[in-house]
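# Secondary and tertiary structure notes
Residue strings, one per chain:
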Amino acid sequence: MNAQEKIINGFPFIQYEAERLSADEIIQRSADFYQSINKRRSVRDFSNKPIPKEVIEHLLMAASSAPSGAHKQPWTFCVVSSASIKKQIREAAEKEEYESYHGRMGEEWMNDLKALATDWHKPFLEVAPYLIVVFKKAYDLSPTDEKRNNYYVNESVGIACGFLLAAIHYAGLVALTHTPSPMNFLTRLLGRPDNERPFLLIPIGYPAEETFVPKLKRKALNEIAVYY
Ligand code: IYR
């Protein structure tokens, strides 16, 4: 056994290799990361320029490095590049969105969305080179088909999606966190098993040549943090 390994509770542990930066380096790196991630925007106008498949693999492995309840990694990322499947997803999503924008969302919700200028048309579902459809796994199945529990599934998959969005931004690409509602058509179109539920639909790509995003203001630190 390697010197950096030991058995605790009957299971192998490895030494955690911390970066051990100075306080000044940590201040600098935290500032740099904030400056970079603060440029991320939800984008709805995509170019159809292809993305190398390898990039998607790196992004998904970054997402899957997220912490999860009991390290169950309760997620499946469906990678859609097929034009015909994208078309079916667009048609089904627009059908639901049409209903949402024609009564289902209610007045306050419709007012809250005005600043985003969204409507039921979702062309990006066909234009973006890849759609990542994220499924959460309510439970797992053992090799003999017995149910195995997953824990904190929403938290885990939410964090993994956060990692994915950060990785996409770091790579220089753009994405949208899209939640057509209800989303069960995705289970059917992608033939997912009973233990999986659709969680988020994330188109990924390059932004269109000219892309406008809402002029949003983010909350200040004193609006989001309370110190004790
Ligand atoms: N799902 C709809 C509506 C929508 C809802 C919220 I909350 C948003 O932040 C944006 C849009 C749509 O995708 O258009």
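Definitions and cut-offs
Residues numbered from 1 in each chain as written. Predicted model: local features only at pLDDT ≥ 70, side-chain atom pairs only at ≥ 80, totals over all residues. Heavy atoms only, no water. Patch = residues over 30% accessible without salt bridge, like charges linked within 9 Å, V, L, I, M, F, W, Y side chains within 5 Å. Areas by Shrake-Rupley, 256 points an atom, 1.4 Å probe, with all protein chains shown as cover. Salt bridge = Lys/Arg side-chain N within 4 Å of Asp/Glu carboxyl O. Helix = DSSP H or I, 4+ residues; strand = E, 2+ residues; numbered from the N terminus. Core = buried A, V, L, I, M, F, W, Y, C linked by side-chain atoms within 4.5 Å. Buried < 20%, exposed > 50% of the residue type's maximum accessible area, 1.4 Å probe, protein only. Contact = heavy atoms within 4.5 Å. Near = heavy atom within 4 Å. Polar contact = N/O pair within 3.5 Å; in protein donor to acceptor, adjacent residues only side chain to side chain. 1 Å grid on protein atoms, 1.4 Å probe; cavity = no way out; pocket = protein on both sides within 12 Å on 5 of 7 lines; lining within 4 Å. Sits in = over half its atoms within 2 Å of the grid points. Nonpolar A, V, L, I, M, F, W, Y, C, P; charged D, E, K, R; others polar. Pairing = 2+ DSSP bridges. Axes fitted to C-alpha atoms, helices over the stretch in contact; angles between N-to-C directions.

Our next topic: a nonpolar patch on the surface. Nonpolar side chains collect at one region of the surface, where Ile 8, Phe 11 and Phe 13 lie side by side and expose about 310 Å² of accessible area between them. Looking at the secondary structure, you find Phe 11 in strand 2 (residues 11-14).

As a further point, take the nonpolar core. Core analysis: the largest hydrophobic core is formed by 25 residues, its most contacted members being Phe 77, Ile 132, Val 134, Leu 164, Ile 168, Ile 202 and Ile 204. Those elements that provide at least two residues to this core are helix 2 (53-63), strand 3 (75-80), strand 4 (130-137), helix 6 (153-170) and strand 8 (196-205). With eight residues, the top contributor of residues to this core is helix 6. Other than its neighbours up to four places away in sequence, Ile 168 contacts Leu 59, Leu 173, Val 174, Ala 175, Ile 202 and Ile 204. Of all hydrophobic cores here, the second largest spans 20 residues; its members include Ala 92, Ala 93, Ala 128 and Leu 186.

This part takes up the site of the ligand. Around the ligand sit Arg 44, Glu 97, Tyr 101, Met 105, Trp 109, Leu 113, Leu 116, Asp 119, Lys 122, His 178 and Thr 179, and those are all the residues in its vicinity. Separating a nitrogen atom of the ligand from a side-chain N or O atom of Glu 97 is a distance of 3.0 Å. Surface burial for the ligand is 72%, taken as the share of its 370 Å² of free accessible area covered by protein chains. Comparing atom positions with the cavity grids shows the ligand to sit within the largest pocket. Every element with two or more residues in the shell around the ligand is listed here: helix 3 (83-104) and helix 4 (106-113). Here the shell around the ligand is built from residues that sort into five nonpolar, two polar and four charged.

Before going further, it helps to spend a moment on the side chain of His 178. Here His 178 lies in the loop between strand 7 (174-175) and helix 7 (185-189). When neighbours within four sequence positions are excluded, His 178 is seen to be in contact with Glu 97, Lys 122, Phe 124, Leu 125, Leu 200, Leu 201 and Pro 203.

A few words now on the environment of Leu 176. Here Leu 176 lies in the loop between strand 7 and helix 7. A relative accessible area of 2% places Leu 176 in the buried class. When the C-alpha positions of Leu 176 and Arg 192 are compared, they lie 22 Å apart, and in sequence the two are 16 residues distant. When near neighbours in sequence (up to four residues on either side) are disregarded, Leu 176 contacts Ser 42, Val 43, Arg 44, Phe 46, Phe 124, Leu 201, Ile 202 and Pro 203.

Take the pairing of strand 3 next. Within strand 3, five of the six residues are buried, leaving the element largely enclosed by the surrounding structure. Sheet analysis places strand 3 next to strand 4, joined by six bridges and oriented antiparallel. Residue pairing in the sheet places Phe 77 in a bridge with Val 134 of strand 4.

Spatial strand order, 3-4-8-7: four strands in an open sheet with antiparallel pairing. Since the sheet does not close on itself, it has two edges, and those belong to strand 3 and strand 7, each with one partner. Looking at chain direction, strand 4 and strand 8 are connected through eight bridges and run antiparallel. Paired with Leu 131 across the bridge in strand 8 is Pro 203. Sheet contacts for helix 2: strand 3, strand 4 and strand 8; angle to strand 3, the most-contacted strand, approximately 165°.

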